Amino acid sequence: MYRLLNILIVMLFTAHAVCASVAIPYVFVKNYTVDDYKASCQNWGFSLTPDGMLYAANNSGLLAFDGNTWKLYSLPGQEEVTGVTYYNDTIYTRNATMLGGWTRDTDGILHYHPLTTVPPEIRFAPPPVEIPFTLPKEIEDAHPSAFATNGTYFFIGTLTQGLFITSPDGTILQHLSLQNQLQDNIVRFICVQDSRQIWVALDNGLTQITFEPPIALLGKRSSIGKLTNAGLDGEELYIQTNLGYFKRPLIAGNIFTPISETEALPYLKTEKAPIPTIKQLFRDTEALGIFAQAEHIYPAGDDLYWLSIGNEAALFHVADGIGTLKCRLLFDNYNMNLVTRGRRIIPLNDSLVLVSAMQGTLLINIRELIGNSLSSAPLSVSQLEYIDSSGSHNLPLSSQKISLPYNFQELNVWIGTTIFTSNHQISYKIEGVSSDWSAWQHDGRISFLQLPEGHYQLKVRKYVIKGPYPELSLSIEVRPPWYNTVWAWLLYIALVWAIVQTALRYNLKNLHKEEQEKVEAERQAEQQRMQEMKNRMLEAELQNKNYELTLQTTALVKRNQAVQTLLEELEKQKEALGERYPNKLYSRMKTLMEETLNDQADWVLFESYFNSAHQNFMDRLRQQYADITAGDLRICCLLRMNLSTKEIASLMNVSIRAIELRRYRLRKRLGLEGDTNLVDFLMNF
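As the structure is a computational prediction, the values presented were derived from the model and not from experiment.

What should I look at first to understand the overall build of the protein chain in this one?
Summing up its helical and strand segments, the protein chain has 15 helices and 36 strands in all. Whereas a compact globule of 685 residues would reach a radius of gyration of roughly 26 Å, the protein chain reaches 64 Å, over 25% beyond that. Expressed along its principal axes, the backbone C-alpha trace of the protein chain runs to roughly 225 × 70 × 45 Å. Across the 685 residues of the protein chain, 43% fall into the buried class. Expressed as a percentage of contacts within the protein chain between residues at least 6 apart in sequence, the contacts between residues at least 24 apart total 52%. Accessible surface computed for the protein chain: about 37,000 Å², of which carbon and sulfur atoms make up 54%. Both charge centroids of the protein chain, one from 62 positive and one from 72 negative side chains, sit 10 Å from each other.

Just to check I follow, could you spell out helix α12 (residues 630-640) for this structure?
Every α-helical turn comprises 3.6 residues, leaving residues that sit three or four positions apart pointing alike. Taking burial as the measure, the eleven residues of α12 include ten buried ones, the bulk of the element. Within α12, burial applies to G631, D632, L633, R634, I635, C636, C637, L638, L639 and R640.

Would you mind going over the packing of α12 against helix α14 (residues 656-670) with me for this structure?
Relative orientation and spacing of two packed helices are given, respectively, by the angle between their axes and the distance between those axes. For the pair α12 and α14, interaxial distance at closest approach is 10 Å and the crossing angle is 100°. With respect to α14, the element α12 is oriented roughly perpendicular. Residue-level inspection shows G631, D632, I635, C636 and L639 of α12 in contact with α14, the latter providing I659, R662, R663, L666 and R669.

Is there a simple way to explain the pattern of salt bridges in this structure?
Scanning all chains against the criterion turns up 13 salt bridges. The partner of E368 in a salt bridge is R196, with the nearest N and O atoms 3.1 Å apart. Of the two residues, E368 is situated in helix α7 (residues 366-372) and R196 in the loop between β14 (187-194) and β15 (197-202); the sequence distance between them amounts to 172 residues. For E368, a relative accessible area of 28% translates into the label partly exposed. A salt bridge links R445 to E410; the shortest N-O distance between them is 3.2 Å. With a gap of 35 residues between them, R445 in strand β34 (residues 445-448) and E410 in strand β32 (residues 410-416) connect regions that are remote in the sequence. Look at R445 and you get partly exposed, because its relative accessible area is 36%.

Sorry, what's going on with the sheet that holds strand β36 (residues 471-478) here?
Ordered by their spatial adjacency, four strands build an open sheet running β31-β36-β35-β33, and the pairing between neighbours is mixed. The two strands at the open ends of the sheet, each matched to only one other strand, are β31 (401-404) and β33 (426-431). This sheet shows a mean twist of 20° between the axes of neighbouring strands, independent of strand direction. Relative to β36, β31 runs parallel, the two being bridged by four bridges. Bridging from a neighbouring strand, L404 pairs with V478 of β36.

Which parts of the structure should I look at to understand α14?
Spanning 15 residues, α14 covers 21 Å between terminal C-alpha atoms, matching the ideal 21 Å at 1.5 Å per step. Those residues of α14 lying buried are I659, R662, L666 and L670. Burial along α14 is one-sided: seen end-on, the buried residues are contained in an arc of 70°. Opposite the packed face of α14, turned more than 90 degrees from it, sit the exposed residues R657 and K668. At its buried positions, α14 is contacted by α12, α13 (645-652) and α15 (678-684).

Conventions adopted
- Residues numbered from 1 in each chain as written.
- Predicted model: local features only at pLDDT ≥ 70, side-chain atom pairs only at ≥ 80, totals over all residues.
- Heavy atoms only, no water.
- Helix = DSSP H or I, 4+ residues; strand = E, 2+ residues; numbered from the N terminus.
- Rg over C-alpha atoms; globule rule 2.2 N^0.38 Å.
- Buried < 20%, exposed > 50% of the residue type's maximum accessible area, 1.4 Å probe, protein only.
- Contact = heavy atoms within 4.5 Å.
- Areas by Shrake-Rupley, 256 points an atom, 1.4 Å probe, with all protein chains shown as cover.
- Lys, Arg positive; Asp, Glu negative; His and termini not counted.
- Charge placed at Lys NZ, Arg CZ, Asp CG, Glu CD.
- Axes fitted to C-alpha atoms, helices over the stretch in contact; angles between N-to-C directions.
- Parallel < 35°, antiparallel > 145°, perpendicular 65-115°, else oblique.
- Salt bridge = Lys/Arg side-chain N within 4 Å of Asp/Glu carboxyl O.
- Pairing = 2+ DSSP bridges.
- Expected span 1.5 Å × (residues − 1).
- Arc of directions from axis to C-beta.

Nothing here speaks to function; it is geometry throughout.
Structure below.
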């Protein structure tokens, strides 16, 4: 029994010694504010998924983080989420009034489903943590609110003093608060990601804490100034800054203390041979990538050289002018910025390097840096979206090719790297638009505006410490407008063919029509010529008839005048001779003369000639004036020939007075007004 008690005492002392030997860890604190995740400041819990997604319960809804991009999913009614957990590809959430589950569709979008119950395996509260020690009074007074452990350290969140990190025996190793790296003192939840990282939900923001990071801030620039030189003696670090000389042990939890120049100089680096240029060191500078334009070169011994450009540095081993990359470091991944003037990279030994940054003096552990990069999470597409005039449209994540309409306005591609890596920076280029890679960016959203129609290749690469950059490639097709598709061109060809055929038919029809019109015109011209010829012939014939009529009428007038003269002469001779002129002869001569003057055959021939020359003038008069007499017709014909009253009287063998009287009666019969000329009327009838 005594021996057993001794063994127990020895074991307790051994356990105490082991616990007491836990060193104070270096920590790297990365805060995420409301400006980063675009939601409410107050957070209540976390849940991690095996594929590297972090889900946070937030007053604005469910937050999802893939290492690059935060996305907020709101509950119906915009209610808060106070608890979240992951189980069997479903995210379960709760608040004071409702339960629900979230599942992803083929487009990678989470959709909410209200639930009345959840599987019995679901636990929204963190697993209970057995604290093997009595809480120190400092922690008790701060009102503990959350507990967690990674097996090496215990993490205790409080409501007033932030986060305490203790050893298994209760020794406070680190105290992170609003005054020391945290952005709030109220801790709601602690989630252990792995042995080296935890997540802390605060009343104001989210925090990721990394233990023993490859990069540690040893001293803030506001306290010790800008690093200019350094040296290491065992575990004691000596530095020179623009504010003086300082020293501190490398063990975490210590701070720099000012010392004299005399104490520091023996341990500081001394200037050696001139630093060679890039071209002096390397034969093939193209193999250096962007470091071929390095702004600074820092020898690190054993043919090792640090090259620095922008906010990035790389360590190369040089052999026979050939540079081999050992590791590269982008300080953006750690929210650090190298100084622009007076930059220093100072090797302390084969694994530790000091760097001058805007934030202060950084300690880089090369072995840890390379060791952490051996397992690199692949890139993945978390969402595909394009926007056009009708709104936003999500595409399936399984799409082998991103097919976009020609009039799309914006293409958004979200790339994730998972939270299990410290390097989240990505770069991209789109072949066919740019041959240069974009600057490194932490945000996983890649946007393009209105690409012309055609085929493109989107290439995305992830920053890694060592080796080639992992790449992801996506094919993009911007479809042509409907009027520039193959079917449209076939339609255009068909339309052109139809138009050509129509035009040909139209032209042929027009040619045929023109030929017909030409033939018709020629026919009509010929007819017109014939008609003109006929008219001329008719006119000539009419003129001939008129001429003949005139000749006949003149001859008749002259004959009648001659006969009348002879008749007058006969009367005179009878009167002169009296009985001496035989009555028989007198009567015979007088009868012959009077018969000649009244010969109706002459009038028939006259009427025939007159009708031929004057287009049935007498028939028209008869039709219009039914009561007109044969004598009146003869008067009208003679008047139409513009014969004088005397000539008419001679032709008709009557007196001039008789003709005048008959003209008067004719005017009355024709119904002519007093001012109407009878001859003009008859000539125009």
